Amino acid sequence: MNQNLRIRETKDHGRYCVAVRKLPKKTEIITGHPYSFGITRMASRKTCAWSLENFETPLQEGCPHCKEVWYENKSARMKGFRWHHLECKTFQAIHKTNYNASYKLLFKTIARAIILKALESGLNPKSSGIPVSKSQQAWLEEEAMPVWLSPEVTWKSFEGLVSNKEALSKRQYGERLKLAEKILKMLAPAVVEFAFKGIPDPMDYLAECICRYECNCFGYFNPKTGNQIGSAIIPEISFINHSCAPNAKVTYYYIGGAITVEATSDIPREGEVNISYCDERKGRKTRQEYLFKYYHFHCQCPKCQSQAKGK
Ligand SMILES: [Zn+2]
Ligand SMILES: [Zn+2]
């Protein structure tokens, strides 16, 4: 993976990450770049969708159609349009749904991932067939794509992550199928055409992607309120498993930006590296329920096992 980590796989323990060498406390173990991410409507008001820089005061240059993306200046808005026009109608539709903020983050992040898949499959953003006005047509000529697009992470790296689909009941999987159907309706036809070329059952395929998102996504949180303000798919660090007694934690500087995993205690060579997907200060039952609901697994970390025995 990198100079600090290796992926191991055993029948009992599944896939996990171990330290290649001793990693002293505070070591920056690995940095992962999002394949795709979503930002809440409120947080996007102070985040430049082009540079991802955060601002103290609300930005003034936004997309007038969806009001979901904002830019630090007009030039950033023009450059950003070449990407944004692919998602604008979808974002408008997502905003109009009755789903709560975390579902809207799921929709936005998955929609962006599907748009990226369509681009990887040959969709040309300059001639996608998505209607734009005459003045906007010139904006499509702007050369660059947003800074957050990372060439190292591709759809394949997202597709390689576990979905834990088999842990869900028929009814629970049925709920994901419904979400998939909703997303398919909200995406631009050109995006759907390219992204699902050769896929016999797009709805089922997308439902599994939703499961994959659910058990692998990372959250961005407001440091003051603790509220979630964004979520991201970061395949490079998704192989780091959860433990309720972790030896590493994640940090980031920008919403939607790269996430770094840092050692919170000394990790010996060959020791498993773990981060926590939940609030590990909560009781065992609360943690177990949370982890199953959101990540579809039953935690069997040493802390959960010893607390189960102690009961
Ligand atoms: Zn828009
Ligand atoms: Zn646990």
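Before reading further, recall that the structure is shown in the block above.
Residues numbered from 1 in each chain as written. Chains lettered and ligands numbered in written order. Predicted model: local features only at pLDDT ≥ 70, side-chain atom pairs only at ≥ 80, totals over all residues.

How should the overall build of the chain be read in this particular structure?
For the chain, the count of helices and strands is 12 helices and 12 strands. In terms of overall size, the chain behaves like a compact globule, its C-alpha atoms giving a radius of gyration of 20 Å where 311 residues would be expected to give roughly 19 Å. Overall, the C-alpha framework of the chain stretches about 70 × 40 × 35 Å when taken along its three principal axes. (Helix = DSSP H or I, 4+ residues; strand = E, 2+ residues; numbered from the N terminus. Rg over C-alpha atoms; globule rule 2.2 N^0.38 Å.)

Quick question: what am I supposed to make of helix α2 (residues 74–84) here?
Given 3.6 residues per helical turn, the α-helix brings residues three or four places apart onto the same face. All buried positions along α2 are accounted for by Arg77, Lys79, Gly80, Phe81, Trp83 and His84. Buried residues in α2 make contact with β5 (61–62), β6 (70–71), α3 (88–96) and α5 (134–139). (Buried ≥ 20, exposed ≤ 12 C-beta atoms within 10 Å, placed from the backbone. Contact = placed C-beta atoms within 7 Å.)

Please clarify how the nonpolar core should be interpreted in this entry.
Nonpolar side chains tend to gather and get buried jointly when the protein is soluble and globular. Grouped together as the largest cluster of nonpolar side chains are 70 residues, with contacts concentrated most on Ile110, Ile114, Val191 and Ile210. Looking at which element gives the most residues to this core, the answer is helix α4 (residues 101–120), with 11 residues. Among the nonpolar cores identified, the runner-up in size contains 5 residues, and Tyr277, Leu291, Cys299 and Cys301 belong to it. (Core = buried A, V, L, I, M, F, W, Y, C linked by C-beta atoms within 7 Å.)

Explanation requested: the sheet that holds strand β4 (residues 36–39) in the structure shown.
Two pairing modes exist for strands in a sheet, parallel and antiparallel, and in both the strands are linked by backbone hydrogen bonds. Strand order in the open sheet formed by 3 strands is β4-β8-β7, and the pairing between neighbours is antiparallel. Single-partner strands in this sheet number two, and they are β4 and β7 (218–221). The mean angle between the axes of side-by-side strands here comes to 20°, regardless of whether they run parallel or antiparallel. Against the sheet, α4 touches β4 and β8 (228–233), its axis set at about 145° to β4. (Pairing = 2+ DSSP bridges. Axes fitted to C-alpha atoms, helices over the stretch in contact; angles between N-to-C directions.)

I would appreciate a short explanation of the pairing of β8 in the present structure.
Where a strand is regular, its side chains alternate between the two sheet faces. Here β8 lies mainly inside the structure; 5 of its 6 residues are buried. Pairing of β4 with β8 involves 4 bridges; the strand directions are antiparallel. Along β8, the bridge assignment pairs Gly38 with Ser231. In this antiparallel pair of consecutive strands, β7 and β8, the connection spans 6 residues, and Gly226 shows a positive phi of 80°.

Would you mind going over helix α7 (residues 170–186) with me for this structure?
The end-to-end C-alpha distance of α7, which contains 17 residues, comes to 25 Å, matching closely the 24 Å that a straight helix rising 1.5 Å per residue would cover. Inspection of α7 places Arg176, Ala180, Ile183 and Met186 among the buried residues, and these make up the whole buried set. The buried residues of α7 occupy an angular sector of 120° when the element is viewed end-on, so they sit on one face. Within α7, the exposed residues directed more than 90 degrees away from the buried face are Lys170, Arg171, Gly174 and Lys185. Buried positions along α7 lie against α3, α4 and α9 (202–216). (Expected span 1.5 Å × (residues − 1). Arc of directions from axis to C-beta.)

Could you clarify how one ought to interpret the sheet that holds strand β10 (residues 248–252) in this entry?
Within the open sheet, the 3 strands sit side by side as β3-β11-β10. Their pairing is antiparallel. Each edge of the open sheet carries a strand with a single partner, namely β3 (28–32) and β10. The mean angle between the axes of side-by-side strands here comes to 25°, regardless of whether they run parallel or antiparallel. Of the pairings in the sheet, the one linking β10 to strand β11 (residues 259–263) comprises 5 bridges and is antiparallel in character. Each bridged residue has a counterpart across the sheet, and for Val250 the counterpart in β11 is Val261.

Looking at this model, I keep getting lost on the packing of α4 against α9. Mind explaining?
The relative placement of two packed helices is expressed as an angle between their axes plus a distance between the axes. Where α4 contacts α9, the two axes come as close as 11 Å, and the packing angle between them is 115°. The interaxial crossing formed by α4 with α9 has right-handed handedness. Where α4 approaches α9, its residues Leu106, Thr109 and Ile110 are matched on the opposing element by Cys209, Ile210 and Tyr213. Per-class residue counts for the contact of α4 with α9 are 5 nonpolar, 1 polar and no charged. (Left-handed = near helix turned anticlockwise from the far one by under 90°. Nonpolar A, V, L, I, M, F, W, Y, C, P; charged D, E, K, R; others polar.)

What exactly am I supposed to notice about the environment of Asp12 here?
Relative to the elements of secondary structure, Asp12 occurs in the loop between β1 (5–10) and β2 (14–19). Each C-alpha atom, one on Asp12 and one on Glu159, is 23 Å from the other, the two residues being 147 residues apart in sequence.

Sorry if this is basic, but what is going on with unusual backbone geometry here?
Notably, Lys26 is not glycine yet its phi reads approximately 75°, a positive angle. The exposed category is assigned to Lys26, around which 10 C-beta atoms lie within 10 Å. Phi at Glu270 takes a positive value of approximately 75°, unusual for a residue other than glycine. With 12 C-beta atoms counted inside 10 Å, the residue Glu270 sits in the exposed group.

How do you make sense of the packing of α3 against α4 when you look at a structure like this?
Here α3 crosses α4 at 165°, and the two axes come no closer than 10 Å. Regarding the angle of α3 to α4, the classification is roughly antiparallel. Between α3 and α4 the crossing geometry is right-handed. Residue-level contacts link Thr90, Phe91 and Ile94 of α3 to Lys104, Phe107, Lys108 and Ala111 of α4. Among the residues forming the contact of α3 with α4, the class breakdown is 4 nonpolar, 1 polar and 2 charged. (Parallel < 35°, antiparallel > 145°, perpendicular 65-115°, else oblique.)

For this particular structure, what's the right way to read the environment of Pro58?
Among the structural elements, Pro58 can be located in the loop between α1 (41–44) and β5. When sequence neighbours within four positions are dropped, the list of residues in contact with Pro58 reads Arg45 and Lys46.

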